[in-house]
Amino acid sequence: MTETLTPVLTLLAAISAAHHTAQRLVEARLPKGLTAAQFAVLERLIRLGEGQTPRAIASAFGWPKTSMSHTLAVLEARGLVRLEPNPRDGRSKCLWLTPKGRTLAMTGVTAVERDMARIAGLAPIEAVQSLAVDLASLAERLEDQRRFPEAA
């Protein structure tokens, strides 16, 4: 293994471990039957506003279209979200919380707040913000590589 490859693999392993640990932490606190992925969609709609397209949310999460479709089908079947035609583009849909979905999302947010506060105390907020920016940038570059494999 080359000296250049080892740090990259170490980084990707650390990101994967952090993701899975965070997912388990969140799911342990969520209302029964709600997965971390489902909660992520509900929480995003609370935090950033309703009316987002499934494609925009999937892109923000780095999810394939099929994963997003499955997650939304489950949320819709449970009466937590509704999809409506996009008023700006008749070909796509926009996502809205139902009252039941809003209540469940807020219950989930309350359930994980104490853990998030403890995690926030592990490092200075500036370091957390910087890491978040760096990871988002890395995710964007990796997505570009996936879409344009010939890009350097």
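What counts and what doesn't
Residues numbered from 1 in each chain as written. Predicted model: local features only at pLDDT ≥ 70, side-chain atom pairs only at ≥ 80, totals over all residues. Heavy atoms only, no water. Helix = DSSP H or I, 4+ residues; strand = E, 2+ residues; numbered from the N terminus. Buried < 20%, exposed > 50% of the residue type's maximum accessible area, 1.4 Å probe, protein only. Areas by Shrake-Rupley, 256 points an atom, 1.4 Å probe, with all protein chains shown as cover. Expected span 1.5 Å × (residues − 1). Arc of directions from axis to C-beta. Contact = heavy atoms within 4.5 Å. Salt bridge = Lys/Arg side-chain N within 4 Å of Asp/Glu carboxyl O. Core = buried A, V, L, I, M, F, W, Y, C linked by side-chain atoms within 4.5 Å. Axes fitted to C-alpha atoms, helices over the stretch in contact; angles between N-to-C directions. Parallel < 35°, antiparallel > 145°, perpendicular 65-115°, else oblique. Left-handed = near helix turned anticlockwise from the far one by under 90°. Nonpolar A, V, L, I, M, F, W, Y, C, P; charged D, E, K, R; others polar.

A. Expanded view of the overall build of the protein. Scanning the protein from terminus to terminus reveals six helices and two strands. Each helix and strand of the protein, ordered N terminal to C terminal, gives the series α-α-α-α-β-β-α-α. Oriented by its inertia axes, the alpha-carbon framework of the protein measures out at about 50 × 40 × 25 Å. Scored against the burial criterion, the 152 residues of the protein give a buried share of 24%. Of the accessible surface of the protein, which amounts to about 10400 Å², a share of 62% is contributed by carbon and sulfur atoms.

B. The arrangement of helix α4 (residues 65–77) in detail. Taking 1.5 Å of rise per residue, 13 residues should cover 18 Å, and α4 covers 18 Å from first to last C-alpha, within 8% of that figure. Residues Met-68, Thr-71, Leu-72 and Leu-75 constitute the buried set of α4. An end-on view of α4 places all buried positions within 95 degrees of arc, on one side of the element. Relative to its buried face, α4 has exposed residues pointing more than 90 degrees away, namely Thr-66, His-70 and Ala-77. Those residues of α4 that are buried lie in contact with α2 (36–48), α3 (54–61), β1 (81–86) and β2 (89–97).

C. Representation of the pattern of salt bridges within the structure. Applying the stated rule across the entire model yields six salt bridges. With its nearest N and O atoms 2.5 Å apart, the salt bridge here joins Arg-29 to Asp-115. Taken together, the positions of Arg-29 in helix α1 (residues 5–29) and Asp-115 in helix α5 (residues 99–120) put the pair 86 residues apart, joining distant regions of the chain. Ionic pairing is found between Arg-102 and Glu-50, a salt bridge with its closest N-O pair at 2.2 Å. Taken together, the positions of Arg-102 in helix α5 and Glu-50 in the loop between α2 and α3 put the pair 52 residues apart, joining distant regions of the chain. For Arg-102, a relative accessible area of 36% corresponds to the partly exposed category.

D. Highlighting the nonpolar core. Counting 21 residues, the largest nonpolar core has Phe-39, Val-41, Leu-42, Leu-45, Leu-75, Val-81 and Leu-95 as the members making the most contacts within it. When residues of this core are traced back to their parent elements, those giving at least two are α2, α3, α4, β2 and α5. For this core, the element with the most residues is α2, which contributes five residues. Here Phe-39 is in contact with Val-26, Leu-30, Leu-34, Ala-105, Gly-108, Val-109 and Val-112, once residues within four sequence places are set aside.

E. Broad picture of the packing of α2 against α3. Interaxial distance between α2 and α3 falls to 11 Å at its minimum, and their mutual angle equals 110 degrees. It follows from the interaxial angle that α2 and α3 lie roughly perpendicular. The crossing of α2 and α3 is right-handed. The segment α2 lies against α3, with Ala-40, Val-41, Arg-44 and Leu-45 engaging Ile-57, Ala-60 and Phe-61. Its residues placed into classes, the contact of α2 with α3 shows six nonpolar, no polar and one charged.

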